[in-house]
Amino acid sequence: MAADESRTTSPVAHREGPATAKRAQIQAEVLRATEQLLAEGSSYADLNVERIATAAGISRTAFYFYFRDKRDLLMRLAGDVTELLYAQADIWFSGEGDDPEQEIREALTRIAELYREHGVLIRAIVEVSTYEEDIATFWRGLLSRFVDATARRIEIEDQLPEGTAYATAFALTWMVERTFYQQLVQDEPLPQAEMVDAVVRIYRGTVYGLRA
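Notes on the structure follow. Bear in mind that the values here come from a model prediction, so they are computed numbers and not experimental data.

## Topic: helix H9 (residues 192–208)
Helix length check: H9, at 17 residues, gives a terminal C-alpha distance of 23 Å against a target of 24 Å (1.5 Å per residue), a fit within 8%. Considered for burial, the residues of H9 that qualify are Gln192, Met195, Val196, Val199, Val200, Tyr203, Val207 and Tyr208. Projected down its long axis, H9 carries its buried residues within an arc of 145 degrees, all on one side. In this structure, the buried residues of H9 make contact with helix H4 (70–93), helix H5 (100–117), helix H7 (133–157) and helix H8 (165–185). Where H9 ends, the next residue or the one after it, glycine 209, has phi of about 50 degrees, a positive value.

Right, here's the structure in full:
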């Protein structure tokens, strides 16, 4: 690439605009095209706006109408995938507690499936976050939502010493992120069920203690 397009300013003024059906469709196509290019073996660094736009069936100029730059695109992708992950984690976050272990297991199993389904995208987000500080900050911000929700659920269970819920939630959330990411980048060194079982045991023992 002639220039780092993740930092290139758009040749046209980026406009958020109203949430129209056309806008939503084009944005979805750009996001889909990007994930497809990554799945075909391209790295995020190798992708340029021209190639993404072509794959999405739009012009380069149109790309910049909907996205500020490649970083904006990656942040949108990160936001989309975390929404999917959160929807599954919410099985436990908002559960009534009748069978919390089953809620945790179901949530983690579905999250593992999403890591498998959107692996190339998650891998790109995490890898770029290691050298792009704004992406790293954005990714940490997205994960903080999981930390907060985990802390609230821990407080409801009322099994840990007072004042320790947030720290425990922070450790559990990032444990899951790192564990599932390593499962992804190491081409599943553990059978998925075995990995999920291990994480469920950690949650059960940490959050529920003797109740487990």
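## A short note on the nonpolar core
Counting residues in each nonpolar core, the largest one holds 63 residues, and the members touching the most others are Val30, Phe63, Leu73, Trp92, Leu108 and Phe180. In terms of residue count, H4 provides more of this core than any other element does, 10 residues in total. Apart from residues lying up to four places away in sequence, tryptophan 92 is in contact with Pro100, Glu103, Ile104, Ala107, Thr150, Arg153, Ile154, Tyr203, Val207 and Tyr208.

## Notes on the packing of H8 against H9
Two numbers describe a pair of packed helices, the interaxial angle and the distance between the axes. Between H8 and H9, the least distance of the axes is 12 Å, while the angle of their chain directions is 175 degrees. Taken together, the axis directions place H8 and H9 in an arrangement best described as roughly antiparallel. When H8 is examined against H9, the residues Thr168, Leu172, Thr173, Met175, Val176, Thr179, Phe180 and Gln183 are found in contact with a partner set consisting of Gln192, Met195, Val199, Ile202, Tyr203, Thr206 and Val207. When grouped by side-chain class, the residues that make up the contact of H8 with H9 number nine nonpolar, six polar and no charged.

So, how was this worked out
- Residues numbered from 1 in each chain as written.
- Predicted model: local features only at pLDDT ≥ 70, side-chain atom pairs only at ≥ 80, totals over all residues.
- Heavy atoms only, no water.
- Helix = DSSP H or I, 4+ residues; strand = E, 2+ residues; numbered from the N terminus.
- Expected span 1.5 Å × (residues − 1).
- Buried < 20%, exposed > 50% of the residue type's maximum accessible area, 1.4 Å probe, protein only.
- Arc of directions from axis to C-beta.
- Contact = heavy atoms within 4.5 Å.
- Core = buried A, V, L, I, M, F, W, Y, C linked by side-chain atoms within 4.5 Å.
- Axes fitted to C-alpha atoms, helices over the stretch in contact; angles between N-to-C directions.
- Parallel < 35°, antiparallel > 145°, perpendicular 65-115°, else oblique.
- Nonpolar A, V, L, I, M, F, W, Y, C, P; charged D, E, K, R; others polar.

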